[in-house]
Amino acid sequence: MTLMCIPVGDDIGLEMHPDTDQYIRVEAGKAIVKMGSNKCHLNITCPLHVGDAVFVSCGTWHNIFNDGDCSLKLSSIYAPPHHPWGTVQPNKEDADS
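Residues numbered from 1 in each chain as written. Predicted model: local features only at pLDDT ≥ 70, side-chain atom pairs only at ≥ 80, totals over all residues. Heavy atoms only, no water.

### What about the packing of aromatic side chains?
Link 1 in the chain: Tallied over the full model, the rule gives zero aromatic pairs.
Link 2 in the chain: Its guanidinium or amino end placed over the ring of phenylalanine 65, lysine 34 lies 5.5 Å from that ring's centre, counting from NZ or CZ. (Phe/Tyr/Trp six-rings, centres within 6.5 Å; stacked < 30°, edge-to-face > 60°. Lys NZ or Arg CZ within 6 Å of the ring centre and 35° of its normal.)

### Here we look at the nonpolar core
Link 1 in the chain: Ranked by internal contacts, the top residues of the largest apolar core, which has 13 residues, are Ile24, Val33, Leu48, Val54, Ile64, Leu72 and Leu74.
Link 2 in the chain: Counting residues per element, this core draws most heavily on strand S3 (residues 31-36), which supplies three residues. (Core = buried A, V, L, I, M, F, W, Y, C linked by side-chain atoms within 4.5 Å. Buried < 20%, exposed > 50% of the residue type's maximum accessible area, 1.4 Å probe, protein only. Helix = DSSP H or I, 4+ residues; strand = E, 2+ residues; numbered from the N terminus.)

### Regarding the side chain of histidine 62
Link 1 in the chain: With respect to the helices and strands, the residue histidine 62 is situated in strand S6 (residues 61-66).
Link 2 in the chain: Of note is the side chain of histidine 62, whose polar atom sits 3.1 Å from the side chain of glutamine 22.
Link 3 in the chain: At 3.0 Å, the side chain of histidine 62 forms a polar contact with the backbone oxygen of threonine 60.
Link 4 in the chain: Those residues within four positions of histidine 62 in sequence are excluded, and the remaining contacts are Ile12, Gly13, Leu14, Glu15, Met16, His17, Gln22, Ile24, Lys34, Met35 and Val56. (Polar contact = N/O pair within 3.5 Å; in protein donor to acceptor, adjacent residues only side chain to side chain. Contact = heavy atoms within 4.5 Å.)

### Concerning the sheet that holds strand S5 (residues 53-56)
Within a sheet, each strand pairs with its neighbour through backbone hydrogen bonds, oriented either parallel or antiparallel.
Link 1 in the chain: The antiparallel open sheet is built from four strands, whose spatial order is S1-S7-S2-S5. The two strands at the open ends of the sheet, each matched to only one other strand, are strand S1 (2-6) and S5. Sheet twist, expressed as the average angle between the axes of neighbouring strands with direction ignored, equals 25°.
Link 2 in the chain: Bridge analysis of S1 against strand S7 (residues 72-78) gives five bridges, and the strand direction is antiparallel. The partner of cysteine 5 across the bridge, within S7, is lysine 73. (Pairing = 2+ DSSP bridges. Axes fitted to C-alpha atoms, helices over the stretch in contact; angles between N-to-C directions.)

Listed below in structure tokens is the structure:
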């Protein structure tokens, strides 16, 4: 499980996991999810609110944008893990490096 806090006006970053399905749930805030089979063609767009969740199949390009006026808090479940146990990345730049 991964917990994320996305600042107002920011996003998780466009990504695709070739061999991992992912379940993402909004814990606080408001979001827009964009998904598609090609990173240049995200043809699925949907608003998400507290308690909403989205299932992202492996191989699907996706990004989630904070569409509210407070921090967006997400929980994400996927396996196998992509980060060693106990990993903390205080911001997007740390996560990307």
